[in-house]
Amino acid sequence: MVIALPPPKSLTSYVGGFVGMSSGNTATTTIKDSDVGGYIESRSNAGGLVGYLHGTNSITNCSNSATIFGGFSSAGGLAGYASGTTVIMNSSNHGDVSNLNTGENIGYCAGLVARGETNFTLLQSYNEGTIGGPSSYVADLIADVYGNSGDNVLIANNYNVGKVYSEREGKF
């Protein structure tokens, strides 16, 4: 099943069900025991719970069932982009996630987190939604994980039962 969504109408970046953007070296964002439904659309950095996280972040016992449409950049069932120190535990995505990445843009589309950077932990979480579109990086759980020397990335006891596909044409 291909998700046929129109081009994004939203010119806004950083859209999430609870938080659009949390940023700063001293920022601490904690989201727990929370659920999101409906439809979330953003030009870039769209997430079921949060569009963009930077700092010390924790998402625990949360779920998303909203349809996520991320435009031209990062779209994730729980978070579009997370950097700093991020821990996600016992959380799930049940909504479909897609973006409209055209041209030479690099897009990230994933069931849980589109992009995770620096110290990143994902434990006991899962995706049931259909994930895809014309993105360069498409994945069931995390489309892109990036760390520097000394950073820690831990991904354990997670699973996917949703469909994952890519419609990307041309160069990657």
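Numbers given to residues run from 1 along each chain, matching the order in which its sequence is written. Reporting of local features is limited, given that this is a predicted model, to residues whose pLDDT is at least 70; pairs of side-chain atoms are given and counted only at 80 or more, and all residues count toward the totals for whole chains, interfaces and linings. Each side-chain value is worked out from all heavy atoms of the structure, with water and hydrogens disregarded.

1. Remarks on the sheet that holds strand β1 (residues 13–16)
And then number 1: When DSSP finds at least two bridges between two strands, those strands are taken to pair. Runs of E in the DSSP output that reach at least two residues are strands. Runs of H or I that reach at least four are helices, and both are numbered from the N terminus. If you walk across this open sheet you meet the five strands as β1-β6-β10-β14-β18, and the pairing is parallel. If you trace the sheet from one side to the other, it starts and ends with β1 and β18 (137–139), each paired once. Direction aside, the axes of adjacent strands within the sheet are offset by 5 degrees on average.
And then number 2: Across three bridges, the pairing between β1 and strand β6 (residues 44–47) is parallel. Residue pairing in the sheet places V15 in a bridge with A46 of β6. Helix axes are fitted to C-alpha atoms over the stretch in contact, other axes to C-alpha atoms as well, and angles between N-to-C directions run from 0 to 180 degrees.

2. Focus on the environment of L112
And then number 1: On the secondary structure map, L112 appears in the loop between β14 (108–110) and β15 (113–123).
And then number 2: Residues L112 and I142, 30 residues apart in the sequence, show an inter-C-alpha distance of 6.1 Å.

3. Here we look at the environment of F72
And then number 1: Considering the arrangement of structural elements, one finds F72 in the loop between β9 (67–69) and β10 (74–76).
And then number 2: Between the C-alpha atoms of F72 and C109, which are 37 residues apart in sequence, the distance is 10.0 Å.

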